[in-house]
Amino acid sequence: MFEFCSDPSALGDLKWMACYLTTGKQFAFYWSFGTVLLLLAVTAPAALAFGFAGAMAARARFAPLRWLGLAYTSMVRGIPDIIFFLFVPIALDQLFEWLRHRALCPDWDQPVRQGNDFVVCAAAKLPQSSAPQWIHESYGFALAVLAFAIVFGAFAANVLSGAMKAVPRAQMETAEAYGMTHGQAFWRIMVPQMWVYALPGLSNLWQILVKATPLLFLLGVEDIVYWARELGGSKTSTFAYPHPDWRIWYFLALLVFYLLLTSVSERVFARLSRRLSHGQATAAGEKLRKAAA
Amino acid sequence: MSCLDTIQAYGLRAIGLGERLLPRTDFTLCDQFVLIGSGLIWNVYFGLLALFFGFWFAVALAMGKNSDHLAARKPAEWFIFVFRGSPLFIQFFIAYQAFVLLPRDGIPINLGIVELTADTRWLTKAWAGALIVLFLNTSAYAAEIFSGALRSIPKGDLEAADAYGMSTWQKFRRVTFPTMLRLGWPAYTNEAIFLFHATTLVFFSGFPAWQQQGDALYYANYFADKTFNPFIPYPIVAGYFVIVTLCVITGFGLVNRRLNRHLAPSQRQRLRFRLQLVR
């Protein structure tokens, strides 16, 4: 990046470090922080949507749908989330390929599972083997996002269905007394009021989501953990910038990044809950009222 | 090979007993059940020991966090902040790298007359290194729970203890500690469940599975990679974990009943497993 970087081996410590920290590989590492933030930005709303659908399904009057919703909300209670992170991407990948296989190659007569192989016709492969590298990477990232959304959707469904139950029963009874239908009462009375009850759970969920992002590495995405291992490993003198094993420093940098991220979001949520408690008939709202008076 | 043979060969494979080579072809359902089940030994080992040691450390940390002395409060607060604010996955990586960097032939400790050498190699093994990380991690989470419980002990209880003329230790032993446990127990149950779930991360986070001795998820992942069929091994390991979770809830429920035994039945809080997201 700087002109004096042309011959790293002749540089002093400070300049060497400046050059080392601005190589192309290092910038890939810096960009991967963006990958993590992108994952958070995409997953949080998606998980909320999944959670809302799950919580709604768990309250449905149609029994099979309710069972499905209850199964979805309770699956994360007993089963470690990492199992889902390993399972969902492969399962989805095979599901998509199988569906495409059925649609695109109707005259294929061999079974899809042959011993230890999963065989679909070439046209059904996802992504196509001729596709450029970035498509492969985005497809992997999309599967990872979907896995995160499904798992955290289940967590969010737990929080939201608890919040729906916390809305005072009298409010719903009043709505019924006014002759609102189930749907009207749900959308006009329950949904607007449930958020203040859901916020503590959702803020905890956000913290858990932030702390789950390094698991992207297990899904094969080139995230910060991948680059930290890659760049930190000891480099021999065949490399332009030889150095011993620096992985611990890279991981310490990640630790600081996560500590900052969690403590900043903690502060944001504290503010948000203050804002939402204004004028509410809760202990927190009462405290705000007294402080102002 | 019948299923009984498989159990004999692989039932204790995770701790190095039995057949040396893992099954490579013709995986039967029995193979998968037995091997994944043997991996569960490690999950239970990590979970139980981290929980046991972590409990005592967490109580100490919670007392520290609620202490009036700055010298006790600040370190406890920082410890809890660092371990709760960062991902366990990163903590595993850092710990492993740090243990690897320790001198290979031990640290000499000079005791004046004799010179001892502290062996450090065992720290890089999962059974010790990962256990230390899990211990510190669960201590931080449990300390947060207990310090919250300490703050919500009814004021009257403490005043009554003072009025009876109890010494500081007596007050702690008879009032503060039991009440703290009682109030924090539902949340602590939740933490214990999450801790058992977190043990599945160990062999995916830097700590190598020496001689392919891994935990339940390690073997499930092995089968999924070999058969390219995720629909059998992962549900098996999920089923095992549902059983572990139910055992944790039952065990903690018994303790909860004992902690609440002096209360009138109407005041007792039943330990219902509602997912509390505090991690």
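The structure presented is a predicted model; accordingly, all values stated were derived computationally and were not measured.

Enquirer: How should the interface of chain B and chain A be read in this particular structure?
Expert: By convention, interface size is frequently given as the accessible area that disappears when the constituent parts associate. Counting residues at the interface gives 41 residues for chain B, matched by 42 residues for chain A. Here chain B packs against chain A, burying approximately 3900 Å² in sum over the two surfaces, 74% of which is carbon and sulfur. Applying the counting rule to chain B against chain A returns zero salt bridges. Across the chain B-chain A interface, the total number found is six residue pairs in polar contact (both at pLDDT 80 or more). The set of elements that each furnish at least two residues to the side of chain B that touches chain A consists of α3 (70–85), α4 (88–101), α7 (168–198), α8 (216–227) and α9 (233–259) of chain B. Split into classes, the residues belonging to the side of chain B that touches chain A amount to 28 nonpolar, nine polar and four charged.

Enquirer: Before we go on, may I ask you to explain the packing of helix α2 (residues 24–58) of chain A against helix α9 (residues 247–277) of chain A in this structure?
Expert: Between two packed helices, what matters for the description is the angle formed by their axes and the separation of those axes. Residues and elements named next belong to chain A. Contact geometry of α2 with α9 gives a least axis separation of 13 Å together with a crossing angle of 30 degrees. Relative to α9, the crossing made by α2 is right-handed. Between α2, through Q26, F29, F33, V36, L37 and L40, and α9, the contact on the second element is made entirely by Y250, L254, F257, Y258 and L261. A breakdown of the residues in the contact of α2 with α9 according to their chemical character gives ten nonpolar, one polar and no charged.

Enquirer: Help me out: how do you make sense of the packing of α9 of chain A against α4 of chain B in this one?
Expert: Interhelical geometry of α9 of chain A versus α4 of chain B gives an angle of 150 degrees and a closest axis separation of 9 Å. Between α9 of chain A and α4 of chain B, the crossing angle belongs to the class labelled roughly antiparallel. By crossing handedness, the relation of α9 of chain A to α4 of chain B is classed as left-handed. Touching R247, I248, F251, L252, L254, L255 and Y258 of chain A of α9 of chain A are I90, F93, I94, Q97, A98 and L101 of chain B, all from α4 of chain B. Here the contact of α9 of chain A with α4 of chain B is composed, by residue class, of eleven nonpolar, one polar and one charged.

Enquirer: Help me understand the environment of H278 of chain A in this model?
Expert: Residue and element names in this part refer to chain A. Secondary-structure assignment places H278 in the loop between α9 and α10 (283–292). Among the residues examined, H278 registers a relative accessible area of 53% and is labelled exposed. Linking H278 and R289, residues eleven residues apart in sequence, is a C-alpha distance of 7.8 Å.

Reading the values: the criteria
Residues numbered from 1 in each chain as written. Chains lettered and ligands numbered in written order. Predicted model: local features only at pLDDT ≥ 70, side-chain atom pairs only at ≥ 80, totals over all residues. Heavy atoms only, no water. Contact = heavy atoms within 4.5 Å. Buried area = accessible area lost by both parts, 1.4 Å probe. Salt bridge = Lys/Arg side-chain N within 4 Å of Asp/Glu carboxyl O. Polar contact = N/O pair within 3.5 Å; in protein donor to acceptor, adjacent residues only side chain to side chain. Helix = DSSP H or I, 4+ residues; strand = E, 2+ residues; numbered from the N terminus. Nonpolar A, V, L, I, M, F, W, Y, C, P; charged D, E, K, R; others polar. Axes fitted to C-alpha atoms, helices over the stretch in contact; angles between N-to-C directions. Left-handed = near helix turned anticlockwise from the far one by under 90°. Parallel < 35°, antiparallel > 145°, perpendicular 65-115°, else oblique. Buried < 20%, exposed > 50% of the residue type's maximum accessible area, 1.4 Å probe, protein only.

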